[in-house]
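So the chains spell out like this:
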Amino acid sequence: EYNGDIYSAATTITPPTLQDERGFDIDQWTLLADAIDEQVFDPAENIDIFSRDFDVSEDGEVLVVSSKQFANDSTAPLTKVLVYRLSTDKYILTQIIEGPSASFDDGNFGENVRISADGGTIAITDKSANFGLEDQGVVYIYRQINTGYQLSQTLASPSAETNELFGHSIEISENYIAIGSKHGDMKLPTTFDLALETRFDGGLTTFARNKKDTGQVYVYENVNDYYLYSETLRYDDAIFEFGENLY
């Protein structure tokens, strides 16, 4: 690096002696990148966790990193999601995403970050966001528009439970997002006869029973660049922490 630019050696460089005061000879180097206007994020001050979570696009071109800092009064943490893009052989910071104003920054924004394989979509969790109910949780969807990412959609649990912690875990694929709720209730059919689901009214009516706080996983499908709730995963033997880890 010299004067904000990135160089690599164009020829074999002979190490200078102690008496050699030639300094930097620009004719011996090849310019790789002009970094004068590079956005810099220096977390050295008030840093708590620089890389609490990260993900990278399939081609390695885009890297997203969740970074947590403390405010100057050491009471309110600040979480930012950093977007890096590969330029030659170096990742350059191109965007800093902060939580929406409606999301109280208690440190849970950005606890989990995922980027789609093509790099076009970033999912950021905030499991303690009060989305109508206390600590219900949400997942923010950012889509690439031109050269940056903009908030496109906010996903919430279809169960709408208090203290559900929707967004406790997350995974993204080409067309689907799976989202875990730490305290989600498992809704199971009532069974009176062995393991058969009990039905009434000619099979039209069933009765559900809830297993409290077992954990739950919801699946959303990407339809025309918009995520729609698709299904809820079911595991009859779940006791707790179902969906703790998603891959």
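Keep in mind it's a predicted model, so treat the numbers as computed, not measured.

What counts, and at which threshold
Per chain, the residues get numbers from 1 upward, laid out in the order the sequence is written. In keeping with the predicted nature of the model, local features appear solely for residues at pLDDT of at least 70, side-chain atom pairs appear and are counted solely at 80 or more, and the whole-chain, interface and lining totals rest on all residues. Hydrogens are left out, water is left out, and the side-chain values use all remaining heavy atoms of the structure. Runs of E in the DSSP output that reach at least two residues are strands. Runs of H or I that reach at least four are helices, and both are numbered from the N terminus. When checking whether two residues touch, look at their non-hydrogen atoms; a contact exists if any pair is within 4.5 Å. Note on pairing: two strands pair once DSSP finds at least 2 bridges between them. Orientation is described by lines fitted to C-alpha atoms, with helices fitted over the stretch in contact, and by angles between N-to-C directions that extend from 0 to 180 degrees. Residues form patches when they are more than 30% accessible in relative terms and have no salt bridge. Like charges link within 9 Å. Nonpolar side chains (Val, Leu, Ile, Met, Phe, Trp, Tyr) link within 5 Å. Each accessible area is a Shrake-Rupley result for a 1.4 Å probe, and residues are judged covered by the shown protein chains and nothing else. Salt bridge, as used here: a side-chain nitrogen of Lys or Arg that lies within 4 Å of a carboxyl oxygen of Asp or Glu. Think of it this way: Lys and Arg go in the positive column, Asp and Glu in the negative one, and His and the chain ends go nowhere. Think of each charge as sitting on NZ of Lys, CZ of Arg, CG of Asp or CD of Glu. Partly exposed residues are those whose accessible area sits between 20% and 50% of the maximum for their type, while under 20% is buried and over 50% is exposed, using a 1.4 Å probe and protein chains only. Among buried residues, the Ala, Val, Leu, Ile, Met, Phe, Trp, Tyr and Cys ones that are joined through side-chain atoms within 4.5 Å form a nonpolar core.

K.L.:
Quick question: what am I supposed to make of the side chain of histidine 168 here?
P.N.:
By the secondary structure assignment, histidine 168 is in strand E11 (residues 166-172). For histidine 168, the residues in contact, after removing those within four places along its chain, are Asn112, Lys127, Gly180, Lys182 and Glu244.

K.L.:
Could you clarify how one ought to interpret the sheet that holds strand E7 (residues 113-115) in this entry?
P.N.:
Either a parallel or an antiparallel arrangement is found when strands of a sheet pair, and the pairing is made through backbone hydrogen bonds. Spatially, the four strands line up as an open sheet ordered E7-E8-E9-E10, and their pairing is antiparallel. Every interior strand has two partners, whereas the edge strands, E7 and strand E10 (148-156), have only one. Sheet twist, expressed as the average angle between the axes of neighbouring strands with direction ignored, equals 20°.

K.L.:
I tried to follow the pairing of E10 on my own but got confused; where do I start?
P.N.:
For a regular strand, side-chain orientation follows a simple rule: the groups alternate between the two sheet faces. Taken together, the eight bridges between strand E9 (residues 138-145) and E10 define a ladder with antiparallel strand orientation. Note that in E10 the partner of isoleucine 145 across the bridge is glycine 148. In textbook terms, the turn of a hairpin is the stretch between consecutive antiparallel strands, and for E9 and E10 this stretch comprises two residues, one of which, asparagine 146, has a positive phi near 60°.

K.L.:
Explanation requested: the sheet that holds strand E18 (residues 227-232) in the structure shown.
P.N.:
Taking strand neighbours across the sheet as the criterion, the four strands line up as E11-E12-E17-E18 in an open arrangement whose pairing is antiparallel. Each edge of the open sheet is held by one strand with a lone partner, namely E11 and E18. Ignoring which end each strand starts from, the neighbouring axes of this sheet average 30° apart. Relative to strand E12 (residues 176-181), E11 runs antiparallel, the two being bridged by five bridges. Bridging across to E12, isoleucine 172 finds its partner in isoleucine 177.

K.L.:
Would you mind going over a negative patch on the surface with me for this structure?
P.N.:
There is a patch of like negative charges on the surface, built from Glu58, Asp59, Glu61, Asp118 and Glu174. Accessibility expressed as a relative area gives 67% for glutamate 174, which makes it exposed.

K.L.:
Honestly, the pattern of salt bridges in this entry has me stumped. Any pointers?
P.N.:
Close approach of charged atoms lets side chains of opposite charge pair. On inspection of all chains with the given rule, the structure shows four salt bridges. The salt bridge involving aspartate 53 is made with arginine 114; its shortest N-O contact spans 2.9 Å. Remark: arginine 114 occurs in strand E7 and aspartate 53 occurs in strand E3 (residues 47-56); sequence separation between them is 61 residues. Here the two residues aspartate 53 and arginine 114 agree in accessibility, since each one is buried. Glutamate 111 is paired through a salt bridge with lysine 127; the nearest N and O atoms lie 3.3 Å apart. Here glutamate 111, found in the loop between strand E6 (90-98) and E7, pairs with lysine 127, found in the loop between strand E8 (121-126) and E9; they are 16 residues apart in sequence, far enough to count as distant. When its relative accessible area of 24% is taken as the criterion, glutamate 111 is described as partly exposed. Residue class for lysine 127 comes out buried when judged on its relative accessible area of 12%.

K.L.:
Help me understand unusual backbone geometry, please; the structure alone is not making it clear to me.
P.N.:
Among all residues save glycine, negative phi is the norm, and among peptide bonds the norm is trans. Positive phi values are uncommon outside glycine, yet aspartate 135 reaches one of about 55°. Along the chain, the position of aspartate 135 falls in the loop between E8 and E9. For aspartate 135, a relative accessible area of 23% translates into the label partly exposed. For aspartate 225, which is not glycine, the phi dihedral falls at a positive 65°.

K.L.:
Please clarify how the environment of tyrosine 247 should be interpreted in this entry.
P.N.:
Position of tyrosine 247 relative to the elements: it lies in the segment after E18. Along the backbone, tyrosine 247 and serine 169 are 78 residues apart, and their C-alpha atoms lie at a distance of 9.6 Å.

K.L.:
Would you mind going over the nonpolar core with me for this structure?
P.N.:
One broad rule of soluble globular proteins: the nonpolar side chains tend to lie buried together. Formed by 15 residues in total, the largest nonpolar core has its most connected members in Val83, Ile97, Ile122, Ile124, Tyr142 and Tyr149. Put simply, the parts of the chain that give this core at least two residues each are strand E4 (62-70), strand E5 (77-87), E7, E8 and E9. Per-element tally for this core: the top contributor is E9, with three residues.

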